[in-house]
Amino acid sequence: MSDARFVFLAVSILLMIVYAATLAPDVTLWDAGEFNAAIGSLGIPHPPGTPLYILVASVWARTLGILPQPLAVNLLSAVATAVACGLLAGLVAKWTRNRLAAIAGGLTAGSMLAVWNNATETEIY
């Protein structure tokens, strides 16, 4: 397995474990309720509307039908953020050829407060 793949998997899995352990179990403050209502009805939240997110989250929540919709959509945010930080780490590993620096960078990016907060609730940026 190449360094980039190993780093991608390691960072993604570690962050997913942390995010899953701290995942919001229901609707949180701010836009989460509005997004969950739009996801459930395939409606349009406030501008700009985020239609792709609404569609993807609706399919995701329906696929994970055994989970309540807010929890399923919060899990989507966690998975997407963990994969994004894993991709960042994989690219750093590819560019620098330094596994340790890449893992540290990916975990640091994923554990920043603003990133962590948005990774565990229904939110999109």
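Quick look at the side chain of Thr81 now. Along the chain, the position of Thr81 falls in helix α4 (residues 69-96). Excluding anything up to four places from it in sequence, Thr81 contacts Tyr19, Val115 and Ala119.

On to helix α1 (residues 3-21), then. Under the 1.5 Å per step criterion, the end-to-end length of α1 is 27 Å for 19 residues, consistent within 8% with the ideal 27 Å. Those residues of α1 lying buried are Val7, Ala10, Val11, Ser12, Leu15, Met16 and Tyr19. Along its buried surface, α1 packs onto α4, α5 (99-111) and α6 (113-119).

Take unusual backbone geometry next. We note that Leu42 has phi near 55 degrees; this positive angle belongs to a residue other than glycine. Turning to its location among the elements, Leu42 is positioned in the loop between α2 (32-41) and α3 (51-63). The exposure class of Leu42 is partly exposed, given its relative accessible area of 48%. One non-glycine residue, Arg97, adopts positive backbone phi at about 60 degrees. By the element assignment, Arg97 lies in the loop between α4 and α5.

Turning next to the packing of α1 against α5. At their nearest, the axes of α1 and α5 sit 10 Å apart, and the two run at 30 degrees to each other. One way to sum up the angle between α1 and α5 is to call them roughly parallel. Remark: the crossing between α1 and α5 carries right-handed chirality. Residues Asp3, Phe6, Val7, Val11, Leu14, Leu15 and Tyr19 of α1 lie in contact with α5, whose contacting residues are Arg99, Ala102, Ile103, Gly106, Leu107 and Gly110. The residue makeup of the contact of α1 with α5, split by class, is 9 nonpolar, 2 polar and 2 charged.

The rules behind these values
Along every chain, residues carry numbers that run from 1 in the direction the sequence is written. Only residues with pLDDT of at least 70 get local features here, since the model is predicted, and only at 80 or more are side-chain atom pairs given and counted; chain-wide, interface and lining totals rely on the full set of residues. Side-chain measures were taken over the full set of non-hydrogen atoms in the model, leaving aside hydrogen atoms and water. Helix and strand definitions here come from DSSP, where helices need a minimum of 4 consecutive H or I residues and strands a minimum of 2 consecutive E residues; each element is numbered from the N-terminal end. Here, two residues are considered to be in contact whenever any of their heavy atoms come within 4.5 Å of each other. Multiplying 1.5 Å by the residue count of a helix minus one yields the expected span of that helix. Relative accessible area decides the class of each residue, using a 1.4 Å probe on protein chains only: under 20% of the type maximum gives buried, over 50% gives exposed, and in between gives partly exposed. Here the axes come from fitting lines to C-alpha atoms, over the contacting stretch only for helices, and the angles between their N-to-C directions go from 0 to 180 degrees. Oblique is the label for every angle not falling under 35 degrees (roughly parallel), over 145 degrees (roughly antiparallel), or within 65 to 115 degrees (roughly perpendicular). Crossing chirality is assigned from the near helix's rotation relative to the far helix, an anticlockwise turn below a right angle marking it left-handed and a clockwise turn marking it right-handed. Residue type decides the class: Asp, Glu, Lys and Arg count as charged, Ala, Val, Leu, Ile, Met, Phe, Trp, Tyr, Cys and Pro as nonpolar, and the leftover types, Gly among them, as polar.

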